[in-house]
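# Architecture at a glance
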There are 2 protein chains.
Amino acid sequence: MARVHNFSAGPAALPLEVLEQTASELIDYRGCGMSVLEMSHRSAAYQRIYDETEACLRRILSIPDTYQVLFLQGGATLEFAAIPLNLMRRGRAGYVVSGNFAKKAWEEARRYGEAVALASSEDTNFDRIPDLSPVAERAACGDLDYIHICQNNTIFGTMYHELPSTGEVPLVADVSSCFLSMPLDIERYGVVYAGAQKNAGPAGVTVVIVRRDLIEDGPALPICPTYLDWRTQAAKGSMLNTPNTFGIYLCGKVFAWIERTGGLAAMEQRNRAKAELLYSLLDGIDLFFGTAQPASRSIANVTFRTASPELDAAFIAGARERGIEGIAGHRLVGGMRASIYNAVDMASVEALAAYMTEFEENRRTQTRSS
Amino acid sequence: MARVHNFSAGPAALPLEVLEQTASELIDYRGCGMSVLEMSHRSAAYQRIYDETEACLRRILSIPDTYQVLFLQGGATLEFAAIPLNLMRRGRAGYVVSGNFAKKAWEEARRYGEAVALASSEDTNFDRIPDLSPVAERAACGDLDYIHICQNNTIFGTMYHELPSTGEVPLVADVSSCFLSMPLDIERYGVVYAGAQKNAGPAGVTVVIVRRDLIEDGPALPICPTYLDWRTQAAKGSMLNTPNTFGIYLCGKVFAWIERTGGLAAMEQRNRAKAELLYSLLDGIDLFFGTAQPASRSIANVTFRTASPELDAAFIAGARERGIEGIAGHRLVGGMRASIYNAVDMASVEALAAYMTEFEENRRTQTRSS
């Protein structure tokens, strides 16, 4: 069996050993006589899986006891509503509009209160993280319930290299596409949340890490659906109802793989090396150029293109022939995108880099001979 | 490997051949060079899986084209909020309170409008489906947006053997624990919804089947979170955001298994035979008695107990020694519960029946000799 080089933006590549372990346990989980898929979420065996999963995440991210960890469903999109519903006590929050999902989060919040766009890079098609000085200024006014950012913008290939200063105002961050790709100083945040389908596991699990004091009074808005009530979910250990049991189990396997292979510091080192290889090509080869401003470049999603959509299409088609998959950019930006999450190893990135070089050389030869 | 007899109420037993197929495809899905777990939900390969899953469900349930099928997340519990948010246009709905989840659905709806309890069996601890004559009467008044029932009450072991007459008022049914256990006349309903983790697949997928005309004007309440907006989810083919891709794939495998093994008529026949075996024991052995009124007995969840909690505990402990798992009743009722969903085969039910007979005989011998 030949595994392809999978650069998909999410759902995305999983570590091969995680898949192998999962396959080997799929019919009979460690002598239980049943699959994890068939296990009651109220059984001791499943509770053990859940507890180990949470404990491992707490270890690799150094999550303080003052934070609650939740494993929910519905993706970051459902949390876009849960955030104002839980936190907008005074009816006003700040949003940094740095990309497609940042904007969606902002638009959803506007349905529940005043959501102020503190900074935006929409005028340059989100090619950068906007100037964050207005964030600190507004935070100092003391009238915001929270400030929301999307820390890595999957579609546009940008990420925060420094967090905004929000003072006493809780920082709420959608970290979906950079979650577990590097260490995170949890105490800088009020809430961190992520769809699992990039670095943490399969689609269908959302990890929410929330400072306990923010939820102790229950949801800010009484219309909050019970499922979205973080205090209730916390009290029930993420099991107000049946969770995505198999998804959480898979997340646990990914967390254990991260821990076993060096933790988040090692992940960051590898991710930076992979990103640098691609960015150095983008800066060095005339045919390709990166679409994100250099100061905002993501180490998770490398976006680039050639001079024409036709050439982009030829590049993507040739990639497929070489077993390089998931390289087409999002329809909002076109071009190419290489998502180089933890499970995409250096060998895959080198294969892509070699193909980029080859493509450029072939192109040069053709141009010269024509 | 010895598979146990799994009577869990959900997540629950899956067909062995579904698990075997899934394990065999887990690392490389049919030569794609990746797992379904790693596949972009926007890829052609995944869209094919999704489309086949929906088409198979439409075939086995004979779902008319006038109904939309959605595969969502968050379980029936999240739908308890989605139902009033989408449908309570005039602010008033009727609920039949026939068990724990029926009551939770009712309570959630009361947060968004007037939810009238049309009938209840709470006074007899939900041992029956209540008299439904008030439902038809109230439906005739023409002031309700919909009438909600929970068609099978997992915890109490009861089910509807006839649907209430609701006239022009759309009937909304939580069918979680009877979904796909027998044919369903979809046109009798406005909405049918089910958590997948009983008969349809793994936990983490909710199937919603809704009559298209009910959602064409969008949600009834403007505060409806976008994720819960059935019209938007319909327009996006259940992919407003990343769905539980692997869960949907597994549902597809279960649907195909149902189709291959005779469809819903065959499922019903087998389920009735399994239920009859257990109910005949409950009626025939003095030691055990069923907790649901005979006229309301479920063919999915058979609830029973002995004369004392101690004896129940001894029965459950002995069951485990015989590889009979998941037989403890819900904490709200105690005693025992055998969930005999599609994937629990007659051999498992016979093993349980043999153990019940053996337990009763041993008990009789002990009593006689003491």
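All figures in this text were calculated on a predicted structure; none of them were measured in a lab.

All names here are of chain B. With five of six residues buried, strand E3 (residues 92-97) lies mostly within the body of the structure. Examined bridge by bridge, E3 and strand E4 (residues 114-120) share six bridges and lie parallel to one another. Residue pairing for E4: Arg92 is matched across the bridge by Glu114. With helix H4 (residues 100-109) bridging E3 and the parallel E4, this β-α-β connection has right-handed handedness. Two elements, E3 and strand E5 (residues 147-150), share two bridges in a ladder whose sense is parallel. Following the sheet pairing, Gly94 is matched in E5 by Ile147.

On to the relation of the copies chain B and chain A. The transform that puts chain B on chain A rotates by 180° and translates by 0.0 Å along the axis, for an RMSD of 0.0 Å. Accordingly, the operation relating the two chain copies is best matched by a two-fold axis. When C-alpha positions in chain B are compared against the rotation axis, the closest is assigned to Ala23 of chain B, at 2.5 Å. The residues that chain B uses at the interface reappear at the interface of chain A in 100% of cases, marking a shared surface.

Attention now goes to the sheet that holds E3 of chain B. Residue and element names in this part refer to chain B. One open sheet accounts for seven strands, arranged E2-E10-E9-E8-E5-E3-E4; its pairing is mixed. Among the strands making up the open sheet, the edge pair consists of strand E2 (67-72) and E4. Between one strand and the next, the sheet's axes are offset by a mean angle of 20°, whatever the strand orientation. Contacting E3, E4, E5 and strand E8 (171-174), H4 crosses the sheet at an angle of about 160° to E3. On the sheet, helix H5 (residues 133-141) packs against E3, E4 and E5 and is oriented at approximately 145° with respect to E4.

Residues and elements named next belong to chain B. The buried count for strand E10 (residues 206-211) comes to five of six residues, which makes it a mostly enclosed element. As paired elements, E2 and E10 share six bridges and run antiparallel to each other. Bridged to Tyr67 within E10 is Arg211. Where strand E9 (residues 191-195) lies against E10, five bridges are found, and the strand directions are antiparallel. When the bridges of E10 are listed, Gly195 appears paired with Thr206.

This part is about the sheet that holds strand E12 (residues 301-305) of chain A. Sheet strands pair by backbone hydrogen bonding; their relative direction is either parallel or antiparallel. Residues and elements named next belong to chain A. Spatially, the three strands line up as an open sheet ordered E11-E12-E14, and their pairing is antiparallel. Lying at the two open borders of the sheet, with one neighbouring strand each, are strand E11 (289-290) and strand E14 (336-339). Sheet topology places E11 next to E12; two bridges connect them, and they run antiparallel. Bridge pairing in E12 links Gly290 to Phe304. In the packing of helix H8 (residues 263-284) onto the sheet, contacts are made with E11, E12 and E14, and the angle to E12 comes to roughly 20°.

Another point: the UniProt feature "binding site: pyridoxal 5'-phosphate" (unreviewed entry) in chain A. Residues and elements named next belong to chain A. Taken from the UniProt record, the annotation "binding site: pyridoxal 5'-phosphate" (unreviewed entry) applies to Ala76, Thr77, Phe101, Thr154, Asp174, Gln197, Asn241 and Thr242. Spanning 167 residues, the annotated positions stay apart in the fold, the maximum distance between their C-alpha atoms being 30.7 Å. Here Phe101 is to be found in helix H4 (residues 100-109). Residue classification places Phe101 among the partly exposed residues on the basis of a relative accessible area of 30%. If we skip the residues at most four places from it in the chain, Phe101 touches Phe80, Ile155 and Asp174. Inspection of the secondary structure puts Thr242 in the loop between helix H6 (230-235) and helix H7 (245-260).

Let's shift gears to the packing of aromatic side chains. For the structure shown, the criterion picks out 29 aromatic pairs over all chains. Taking the ring centre of Trp106 of chain A as reference, the NZ or CZ of Arg110 of chain A above it sits at 4.4 Å.

Another point: the interface of chain B and chain A. Taken together, the contact pairs 57 residues of chain B with 58 residues of chain A. It is Ile27, Leu37 and Glu38 of chain B that lose the most area in chain B upon contact with chain A, and together they represent 15% of the buried surface on that side. Viewed at the interface, chain A and chain B are joined by two salt bridges. Across the pair Glu38 of chain A and Arg3 of chain B runs a salt bridge, and its minimum N-O distance is 2.8 Å. Counting across the chain B and chain A interface gives 28 residue pairs in polar contact (both at pLDDT 80 or more). Put simply, the parts of the chain that give the side of chain B that touches chain A at least two residues each are helix H1 (16-25), helix H3 (75-87) and helix H7 (245-260) of chain B.

Compared with the 18 Å implied by 1.5 Å per residue over 13 residues, the 18 Å span of helix H3 (residues 75-87) of chain A between its first and last C-alpha is a close match. In H3 of chain A, a bend of some 30° at Ala81 of chain A exceeds every other bend along the element, and Pro84 of chain A, a proline, comes one to four places later.

In this section: the UniProt feature "binding site: L-glutamate" (unreviewed entry) in chain A. Residues and elements named next belong to chain A. The positions UniProt marks with the feature "binding site: L-glutamate" (unreviewed entry) are Arg42. By the element assignment, Arg42 lies in the loop between helix H1 (16-25) and helix H2 (44-61). Classification of Arg42 by relative accessible area gives partly exposed; the value is 48%. Sequence-distant contacts of Arg42, defined by excluding residues within four places in its chain, comprise Met239 and Leu240. At 3.4 Å, the side chain of Arg42 forms a polar contact with the side chain of His41.

Okay, the nonpolar core next. Residues Leu57 of chain A together with Leu57 of chain B are the most contacted members of the largest nonpolar core, which totals 131 residues. Excluding residues that lie within four positions of it along the chain, Leu57 of chain A makes contacts with Ser62, Ile63, Val69, Phe71, Phe179, Leu180, Val207 and Phe255 of chain A. Formed by 72 residues, the second largest nonpolar core is a distinct cluster that contains Leu70, Phe126 and Val208 of chain A together with Met88 of chain B.

Enumeration over the complete set of coordinates arrives at 38 salt bridges over all chains. Arg30 of chain B serves as the salt-bridge partner of Glu25 of chain B, at 3.0 Å between the closest nitrogen and oxygen. Among the residues examined, Glu25 of chain B registers a relative accessible area of 10% and is labelled buried. Residues joined in a network through salt bridges with shared partners are Arg92, Glu114, Arg138 and Asp143 of chain A.

As a further point, take the domain arrangement of chain A. All names here are of chain A. Under the domain assignment used here, chain A contains domain 1 (16-260) and domain 2 (263-369). For domain 1 versus domain 2, the distance between C-alpha centres works out to 28 Å. With 25 residues of domain 1 in contact, the opposing surface of domain 2 contributes 26 residues. Buried area between domain 1 and domain 2, both sides added, is near 2,200 Å², and the carbon and sulfur share of it is 57%. For the pair domain 1 and domain 2, the number of links is zero salt bridges. Applying the counting criterion to the domain 1 and domain 2 interface returns 14 residue pairs in polar contact (both at pLDDT 80 or more). Among the elements of the structure, H2, strand E7 (158-159) and H7 are those that each provide at least two residues to the side of domain 1 that touches domain 2.

Parameters and conventions
Residues numbered from 1 in each chain as written. Chains lettered and ligands numbered in written order. Predicted model: local features only at pLDDT ≥ 70, side-chain atom pairs only at ≥ 80, totals over all residues. Heavy atoms only, no water. Buried < 20%, exposed > 50% of the residue type's maximum accessible area, 1.4 Å probe, protein only. Helix = DSSP H or I, 4+ residues; strand = E, 2+ residues; numbered from the N terminus. Pairing = 2+ DSSP bridges. Right-handed = clockwise from strand over helix to strand, strands pointing away. Least-squares fit on C-alpha atoms with pLDDT ≥ 70 in both. Contact = heavy atoms within 4.5 Å. Axes fitted to C-alpha atoms, helices over the stretch in contact; angles between N-to-C directions. UniProt positions renumbered as here; feature names shortened; annotations may be inferred. Phe/Tyr/Trp six-rings, centres within 6.5 Å; stacked < 30°, edge-to-face > 60°. Lys NZ or Arg CZ within 6 Å of the ring centre and 35° of its normal. Buried area = accessible area lost by both parts, 1.4 Å probe. Salt bridge = Lys/Arg side-chain N within 4 Å of Asp/Glu carboxyl O. Polar contact = N/O pair within 3.5 Å; in protein donor to acceptor, adjacent residues only side chain to side chain. Expected span 1.5 Å × (residues − 1). Bend = angle between axes of the 7 residues up to and from the residue. Core = buried A, V, L, I, M, F, W, Y, C linked by side-chain atoms within 4.5 Å. Domains from an automatic or database assignment.

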